[in-house]
Amino acid sequence: MNKNFCCLAKGGLALLVSSFMLTGCNSDSSTSTGSRTTQAIELPFALSVATAGYPDQVPGCGLVMQGLGTQNSRVTLADARFFVHDLKLITDKGEALPITLDAAAGQNKDAALLDFRDYNDCANVTDTSLATRNPNRKTSVLGQVALGEQDQISHIQFTLGIPFGRNHQDQATAVEPLRNPGLATGMAWSWQIGYKFTGLDVLPAEGVTRWNIHLGSTGCTITATDLAQGTEQSCVSYNRPVYTLALPAGQLHDQIAIELDYVALTSTSDLTQDLGGAAGCMSGGADPECTAIFEQLGLPAPGSEWDGSKTKTAVATQGVFSVIARP
Amino acid sequence: MMTRTTLMTRRLPLAASVLAVSALLSACLSDSQTRTDDQGARLSAYDWQLPSHLPLPREPADNPMTEEKFQLGRHLFYDTRLSANNNISCASCHHQDKAFSDGIARPTGTSGQQHPRNSQGLANVAWYNTLTWGNPSLSTLEQQVVIPLTGDDPVEHGINENNQNAILSAIQTVPEYDALFAAAFPEQDDPLMNDRVWDNLHKALASFVRGLTSYNSPYDRGEISAAARRGDALFNSERLECFHCHAGYNFSDSTVDRSMTSFVEALFHNNGLYNIDGRGGYPYPNQGQFELTSVPAHMGQFRAPSLRNVALTAPYNHDGSVATLRDVILNYAAGGREITSGPHAGDGRSNPFKDGFIVSFHIEEPEIQDLIAFLCSLTDTTFITNPRYSNPWPDENGNSRPAPTNPGVPEQCL
């Protein structure tokens, strides 16, 4: 390893410095810890709507997806976006290697906005030959990670949503993709302030006309003034899950993608009805539709009170995110 | 039981600190005179035109008030280009002649979706601790204006990903906005075309609304009838207790101003309008601050609005379900509202989350009329006819609009 490259590489400079201290970048490469170089990493995400009966169906604006939910509903796509942050590669020795996010389209150093919609005005697309392509479609996260030859990556970790400190600030001047109006238009929580962590919305053909999955923090009373003052305020439910996914044996980190299985997410939900609260689940504690969704996501029950010192929670069991071979 | 306001020490807002320093410096340079050091509490780049006994409202450090921002915001407030279908401006639901409310229970947005809540009057919003009916997180007008513009539930102005660029272009090609934006944001290069344009637009709108001040009612001038004077005494009596929530110079306990330098808790109250499940429930989606906090005791708690111009802002309460001032008074006299049939049936009088001050009271008919006379004396005619707050755009024929005229005494005040 070229020690000079390690110490002079741009991007993730702070990470570099800490790696330097951890791994002795200025030492000779014959030490047992080895040395790490910062390298670019692209982490693709995938959105799956494949069912047993329709294994080839893919998400797309204007496409009818079949066999979803407990009633085997037919739905079309209205929105397909979610934020991720705090991505890490975990070595088989349990060391977490942070991925610093590049300043690139649809992401900044704090978070990335994945957008699976292929056309604009997704909910209203009927004839794709007349639709315009979505210029903000984004299915990969770009970043930098300090890796060494000695590092065996066993897991990949990420947090769904945006960090707490970015969730309660002025949206009109936020750095993209958090600016509203801007890339985050439609990802802001209407009158509740803050952002939706997920905008996974469909239009069912039977029953209710819209079924939304808007994950976000609830029970937050922090104001913009509080944030500016540094006043400590918290949320009742942060709803910010951390997923640590095992790589299949023999797979390298640059051969995998992270898949969100929308079929699994809605497998215990009835997409034809809404028994209370907002259309679908918008993280409301009293919303009956949220129980199944939260369980699939591996979150504590909707509206349940979290430890105020931890704005995110590690998920133990869940059925939605998995590692797949890179398509 | 009324909760005790929690006081926490807090630094002076930055703007006030800066102004305070300026005040002290200018005092040094003047000839010797006795001056009261108010720490710059009356210093502002904007001429508020308020009597000196009234405390000025807070101004955010990143959006100090100026006349130029006010005028730009005024143009934007009345501009239907700021909507998906070119049919909604802020003024669509905020009419000056109704103290900037709109006279109906719940308004409808650009796509025909009805809002779940009542459009509130905008007099003195600059003095509110929180904005909208029941949101403890919403502390600045700059944050609030984004909601009707871009909110999708309900859709109000309907600005979204698919139309925001076209709407912005429409604004940017209006000749008047060139000079207005440049004057409002002189420190920026091309504030109408740079990447801060949306933020500039929000700040201007916030500045206009912040400048809507109303402190010139007959009550303020001490020119009220004997009946209104009796009503004033009733309002402030321990029998009626109105003053507890509708407190102070702005008749709302959600009032803050620049003299308040410590933390002021945001207050919300349940006044027993609903009890749909017998356990205190309010109908979704109007559950008050509970919607934000998830605290069970916050169910049905809403901000006590200012009663200034209240005779003009019918119908009343968070969903406009109370038609007249008389009905409001009768609800409080009963200690809440019982709904005997329909989907929202329930006895709000026994709502377990009802504010402790609402215990019902006895009131005679002449007293009801006196109370109404008092509330009617809070109507500020200069506010609703002030040309500064009116539509600055020429009418369809290209002519300047005449100054707003007095709509006359509302029927419930006769």
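**Re the overall build of chain A**
Alright, step 1. Of regular secondary structure, chain A possesses 5 helices and 17 strands.
Alright, step 2. Out of the 327 residues in chain A, the part that is buried amounts to 54%.
Alright, step 3. Roughly 13,500 Å² of accessible area belongs to chain A as shown, and the carbon and sulfur atoms make up 53% of that amount.

**What about the overall build of chain B?**
Alright, step 1. If you tally the helices and strands in chain B, you get 14 helices and 2 strands.
Alright, step 2. Relative to its length of 414 residues, chain B is compact, with a C-alpha radius of gyration of 22 Å against a globular reference of 22 Å.
Alright, step 3. Across its three principal directions, the C-alpha atoms of chain B cover 60 × 60 × 45 Å.
Alright, step 4. Split into buried and exposed, the 414 residues of chain B put 53% on the buried side.
Alright, step 5. The long-range fraction of contacts in chain B, counting pairs at least 24 apart against all pairs at least 6 apart in sequence, stands at 67%.
Alright, step 6. Where the 29 positive side-chain charges of chain B centre and where its 46 negative ones centre are 4 Å apart.

**Side note on the packing of aromatic side chains**
All names here are of chain B.
Alright, step 1. A complete count under the given rule lists 31 aromatic pairs over all chains for this structure.
Alright, step 2. Measuring from centroid to centroid gives 5.8 Å for Tyr 46 and Phe 70, while their planes differ by 40 degrees, and the two rings are tilted. Highlighted residues: Tyr 46 in the loop between helix H1 (14-29) and helix H2 (67-77) and Phe 70 in helix H2, separated in sequence by 24 residues.
Alright, step 3. The class for Phe 70 is buried, based on a relative accessible area of 0%.

**Focus on the environment of Asn 239 of chain A**
Residue and element names in this part refer to chain A.
Alright, step 1. The topology assignment puts Asn 239 in the loop between strand S12 (235-237) and strand S13 (241-246).
Alright, step 2. Separated by 173 residues in the primary sequence, Asn 239 and Gln 66 place their C-alpha atoms 29 Å from one another.
Alright, step 3. Once you skip the residues sitting within four places of it in the chain, Asn 239 turns out to touch Phe 197, Leu 215, Gly 216, Ser 217, Thr 218, Ser 283, Phe 294, Leu 299 and Trp 306.

**Concerning the side chain of Ser 101 of chain B**
All names here are of chain B.
Alright, step 1. Within the fold, Ser 101 resides in the loop between H2 and helix H3 (141-144).
Alright, step 2. Using a relative accessible area of 1% as the deciding quantity, one classes Ser 101 as buried.
Alright, step 3. Reaching out from Ser 101, the side chain makes a polar contact with the backbone oxygen of Lys 98 at a distance of 2.8 Å.
Alright, step 4. Residues within four places of Ser 101 in sequence aside, it is in contact with Cys 93, His 94, His 95, Ser 119, Gln 120, Gly 121, Leu 312 and Thr 313.

**Examining helix H13 (residues 365-376) of chain B**
Residue and element names in this part refer to chain B.
Alright, step 1. Look at H13: 17 Å from first C-alpha to last across 12 residues, which is about the 16 Å you get at 1.5 Å a residue.
Alright, step 2. Residues of H13 that are buried include every one of Glu 367, Ile 368, Asp 370, Leu 371, Ile 372, Phe 374, Leu 375 and Cys 376, and no others.
Alright, step 3. Looking at the buried side of H13, the elements it contacts are helix H8 (218-221), helix H9 (226-235) and helix H12 (325-334).

**Some details on the interface of chain B and chain A**
Alright, step 1. Contact with chain B, which involves 34 residues of that partner, is made by 34 residues of chain A.
Alright, step 2. Both faces combined, the contact of chain B with chain A buries some 2,900 Å², and carbon together with sulfur accounts for 51% of it.
Alright, step 3. The interface formed by chain B and chain A includes 3 salt bridges.
Alright, step 4. The interface formed by chain B and chain A includes 11 residue pairs in polar contact (both at pLDDT 80 or more).
Alright, step 5. Listed by contribution, the elements that provide at least two residues to the side of chain B that touches chain A are helix H4 (146-150), helix H7 (197-210) and helix H11 (290-293) of chain B.
Alright, step 6. Tallied by class, the residues present in the side of chain B that touches chain A amount to 9 nonpolar, 15 polar and 10 charged.

**A word on the confidence of the model for chain A**
Detailed reading of the predicted coordinates is not advisable wherever pLDDT falls low.
Alright, step 1. Taken as a whole, chain A shows an average pLDDT of 87; of its residues, 86% reach a score of 70 or greater.
Alright, step 2. Low pLDDT, under 50, characterises residues 1-32 of chain A; the stretch is placed with 31 contacts to residues that sit more than four places away or in other chains.

**Some thoughts on the sheet that holds strand S14 (residues 256-261) of chain A**
Residue and element names in this part refer to chain A.
Alright, step 1. Across the sheet, 5 strands lie side by side as S5-S7-S1-S14-S17; this open sheet has mixed pairing. Since the sheet does not close on itself, it has two edges, and those belong to strand S5 (100-101) and strand S17 (321-325), each with one partner.
Alright, step 2. Examined bridge by bridge, S14 and S17 share 5 bridges and lie antiparallel to one another. Note that in S17 the partner of Leu 260 across the bridge is Phe 321.

**Concerning the pattern of salt bridges**
Residue and element names in this part refer to chain B.
Alright, step 1. According to the stated counting rule, one finds 30 salt bridges over all chains in the structure shown.
Alright, step 2. Between Asp 199 and Lys 203 there is a salt bridge whose closest N-O contact spans 2.7 Å. Pair noted here: Asp 199 and Lys 203 are both in helix H7, with a separation of 4 residues, about one helical turn.
Alright, step 3. Asp 199 gets classed as buried once you look at its relative accessible area, which sits at 3%.
Alright, step 4. Given the relative accessible area of 8%, Lys 203 is considered buried.

**Details of the side chain of His 253 of chain A**
Residues and elements named next belong to chain A.
Alright, step 1. With respect to the helices, strands and loops of the structure, His 253 is situated in the loop between S13 and S14.
Alright, step 2. Take His 253: its relative accessible area is 15%, and that puts it in the buried class.
Alright, step 3. If sequence neighbours within four positions are ignored, His 253 has contacts with Ile 41, Leu 89, Leu 147, Ile 153, Leu 247 and Arg 326.

**What about the packing of H2 of chain B against H7 of chain B?**
Residue and element names in this part refer to chain B.
Alright, step 1. The geometry of H2 relative to H7 is characterised by a closest axis approach of 7 Å and an angle of 95 degrees between their N-to-C directions. When the axis of H2 is compared with that of H7, the two are roughly perpendicular. Taking contact as the criterion, the partners of Lys 69, Phe 70, Leu 72, Gly 73, Arg 74, Leu 76 and Phe 77 in H2 are, on H7, Leu 201, Ala 204, Leu 205, Ser 207, Phe 208 and Val 209.
Alright, step 2. For the contact of H2 with H7, a count of residues per class yields 9 nonpolar, 2 polar and 2 charged.

**Here we look at helix H5 (residues 164-172) of chain B**
Residue pairs three or four apart in sequence face the same way in an α-helix, which turns once every 3.6 residues.
All names here are of chain B.
Alright, step 1. For H5, the complete set of buried residues consists of Gln 164, Ile 167, Leu 168, Ile 171 and Gln 172. Along the axis of H5, the buried residues cluster in a sector spanning 135 degrees; they form a single face. Set apart from the buried face of H5 by more than 90 degrees, the exposed residues are Asn 165 and Ala 166.
Alright, step 2. Here the buried face of H5 lies against H2, helix H6 (175-184) and H7.

Cut-off values and rules
- Residues numbered from 1 in each chain as written.
- Chains lettered and ligands numbered in written order.
- Predicted model: local features only at pLDDT ≥ 70, side-chain atom pairs only at ≥ 80, totals over all residues.
- Heavy atoms only, no water.
- Helix = DSSP H or I, 4+ residues; strand = E, 2+ residues; numbered from the N terminus.
- Buried < 20%, exposed > 50% of the residue type's maximum accessible area, 1.4 Å probe, protein only.
- Areas by Shrake-Rupley, 256 points an atom, 1.4 Å probe, with all protein chains shown as cover.
- Rg over C-alpha atoms; globule rule 2.2 N^0.38 Å.
- Contact = heavy atoms within 4.5 Å.
- Lys, Arg positive; Asp, Glu negative; His and termini not counted.
- Charge placed at Lys NZ, Arg CZ, Asp CG, Glu CD.
- Phe/Tyr/Trp six-rings, centres within 6.5 Å; stacked < 30°, edge-to-face > 60°.
- Polar contact = N/O pair within 3.5 Å; in protein donor to acceptor, adjacent residues only side chain to side chain.
- Expected span 1.5 Å × (residues − 1).
- Buried area = accessible area lost by both parts, 1.4 Å probe.
- Salt bridge = Lys/Arg side-chain N within 4 Å of Asp/Glu carboxyl O.
- Nonpolar A, V, L, I, M, F, W, Y, C, P; charged D, E, K, R; others polar.
- pLDDT = per-residue confidence, 0-100.
- Pairing = 2+ DSSP bridges.
- Axes fitted to C-alpha atoms, helices over the stretch in contact; angles between N-to-C directions.
- Parallel < 35°, antiparallel > 145°, perpendicular 65-115°, else oblique.
- Arc of directions from axis to C-beta.

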